[in-house]
Amino acid sequence: MSSAEDIAKAAKSAFEDSQLISSAERVNALRHIRRALESNKAEILAANREDLKAAQVEVDAGRMSESLLKRLDLDKGDKWDSVLHGVTDVADLPDPTGIVSYAKELDDGLELYRVSCPIGVLLVIFEARPEVVVNIAALAIKSGNAAILKGGKESNRTTQLLAHAIAAGLSQSSLPSTYIQTIQTRAEVSSLLALDQYIDLVIPRGSNSLVQSIQNNTKIPVMGHADGLCSVYLDESADAQKAVRVVLDSKTDYPSACNSAETLLVHESLLNSVWPTVGGALLEANVRLLCDPPTLHALQAVSPAPPTAASLATPEDYTTEHLTLTLSVLAVPSLAAAVRHINAHSSHHTDSIVTESQHAASAFCRGVDSAGTFVNASTRFADGFRYGFGTEVGISTGRIHARGPVGLEGLVIYKYMLRSTDAKGHIVGEFGTDKKQYKHANIASTQLPF
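Here the structure is a predicted model, which is why all the values come from computation and not from measurement. (Residues numbered from 1 in each chain as written. Predicted model: local features only at pLDDT ≥ 70, side-chain atom pairs only at ≥ 80, totals over all residues. Heavy atoms only, no water.)

Student: Please provide a residue-by-residue account of the packing of helix α2 (residues 23-39) against helix α7 (residues 156-171), values included.
Tutor: At a minimum axis separation of 7 Å, α2 and α7 run at an interaxial angle of 135 degrees. Viewed along their axes, α2 and α7 adopt a mutual orientation that is oblique. With respect to the hand of their crossing, α2 and α7 are arranged in right-handed fashion. Side by side, α2 and α7 meet where A29, H32, I33, A36 and L37 of the first sit next to L162, A165, I166, A168, G169 and L170 of the second. Residues of the contact of α2 with α7, tallied by class, amount to 9 nonpolar, 2 polar and no charged. (Axes fitted to C-alpha atoms, helices over the stretch in contact; angles between N-to-C directions. Helix = DSSP H or I, 4+ residues; strand = E, 2+ residues; numbered from the N terminus. Parallel < 35°, antiparallel > 145°, perpendicular 65-115°, else oblique. Left-handed = near helix turned anticlockwise from the far one by under 90°. Contact = heavy atoms within 4.5 Å. Nonpolar A, V, L, I, M, F, W, Y, C, P; charged D, E, K, R; others polar.)

Student: Provide a residue-level description of the sheet that holds strand β2 (residues 110-118), including the pertinent values.
Tutor: Picture the strands of a sheet paired through backbone hydrogen bonds; they go either parallel or antiparallel. In spatial order, the strands read β16-β2-β1-β17; together these 4 strands make up an open sheet with antiparallel pairing. The open sheet has two edge strands with one neighbour each: β16 (412-420) and β17 (441-442). As judged from the 2 bridges shared by strand β1 (residues 100-107) and β17, these two strands associate in the antiparallel manner. Pairing of K104 across the sheet is with N442, part of β17. (Pairing = 2+ DSSP bridges.)

Student: Hey, could you go over the packing of aromatic side chains for me, with residue numbers and the actual values?
Tutor: In this structure the tally under the stated criterion is 5 aromatic pairs. Between Y233 and F364, the ring centres sit 6.5 Å apart and the planes meet at 15 degrees, which makes this aromatic pair stacked. Within this pair, whereas Y233 is found in strand β7 (residues 230-234), its partner F364 is found in helix α14 (residues 358-367), the two being separated by 131 residues in sequence. An identical accessibility class is assigned to Y233 and F364; each is buried. With a centroid separation of 5.7 Å and 85 degrees between ring planes, the pair formed by Y414 and Y416 is classed as edge-to-face. With a relative accessible area of 48%, Y414 lands in the partly exposed category. In this structure, K76 is placed above the aromatic ring of Y254, and the distance from its NZ or CZ to the ring centre is 5.4 Å. A cation over a ring is seen here: R114 above Y414, with NZ or CZ 5.3 Å from the ring centre. (Phe/Tyr/Trp six-rings, centres within 6.5 Å; stacked < 30°, edge-to-face > 60°. Buried < 20%, exposed > 50% of the residue type's maximum accessible area, 1.4 Å probe, protein only. Lys NZ or Arg CZ within 6 Å of the ring centre and 35° of its normal.)

Student: Talk me through the side chain of S328; I want residue IDs and the actual numbers.
Tutor: Tracing the backbone shows S328 in strand β11 (residues 326-332). Taking relative accessible area as the criterion, S328 reaches 0% and is therefore assigned buried. The contact partners of S328, leaving out residues within four places of it in the chain, are E262, T263, L264, L290, D317, Y318 and H322.

Student: Lay out the packing of helix α13 (residues 335-345) against α14 with the relevant residues and their values.
Tutor: For the pair α13 and α14, interaxial distance at closest approach is 10 Å and the crossing angle is 20 degrees. Of the possible angle classes, the one that applies to α13 and α14 is roughly parallel. At the point where α13 passes α14, the crossing takes the right-handed sense. Contact residues: α13 offers L335, V339, I342 and N343, while α14 offers A360, A363, F364 and G367. Among the residues forming the contact of α13 with α14, the class breakdown is 6 nonpolar, 2 polar and no charged.

In structure tokens, the structure reads:
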């Protein structure tokens, strides 16, 4: 059995060995991986059913949440087909590497280029969703990064078979077999977090406690988000029908997703008009409402509901990621108050305003400090696939180079390449006062000439 250090060294070596492999060959590897997944569908879904059975026992015993169980199911709806399409979509995207974003001629025959390049070795740790193995493998391969993946123990059977299919696909390409590796234990994760000489970026996807634990136990840069505490704000000019559609979809389309709404903010002027309509629609959809006194009173005055369906909220409810059909509701006196509340209580993931005012829409989008700010649209649109990224490696709510759904562009950085074509080469000592001056002239071509 390989040690964590062996795994990390192999990943670093695979990354370095892959840098001269063409983009076309990386695409070829993805095509082979999709075919391997298709060939092994029956076995993978059978393993997934075994994982679901074991997880249901944990839910029944109170040791696992229902929302975590739902995320585990790989055969729900069109999820399996989406996994396969995701691989193809990523393969068909433009190569994010080798792109010139800055080109200057510093002197005659001295050219400087800023060129996009892979980050290196990624360590990705996630819970429950087994399809993340395929999503991240596809993005890593396309962007030229090696990856080490750790899924939750609740999806071990599924993850292992998905990893075998990925390895089978890689074996049909020129990429090293250790380009994508999986690990199974927390002990391995702990060891890998100390190996900053081999691993370049950690991406955690999971609970707040998982993310915070990783951030507190590594010197390696961490990209990700701890919570998905998203809000919808009903502005004073909100249209009732639009509000119902946006709020219902944000809350009920997939309540356990990190981009589902957890808080609804209502302008005070809507308490006796739009709010009861929206509140009634939420109650009909079996959403439990945790309200402040004004919104609860206004709702009960028009549509009395059972106490269990609409009740008074506590201050903690406005900082809670419910991940169920539960929604915290608060009346606010102004757009400015809504923005202040979101910035103080949200996780800076995604927040939406329902409004007919262009001014309010602009102020909200600029004032709210979140990775995604939407107008008259469900928070559930915050997703790499829906953005056209093919798939995503995760959501970043930090302030590093990538923010929001992280697709291929979030998995590349850049390097500077300098080339002298002078017969004698170039040296810095020839430049300065009373010497040669830098030209800093733009280079028209954005193609790297070497």
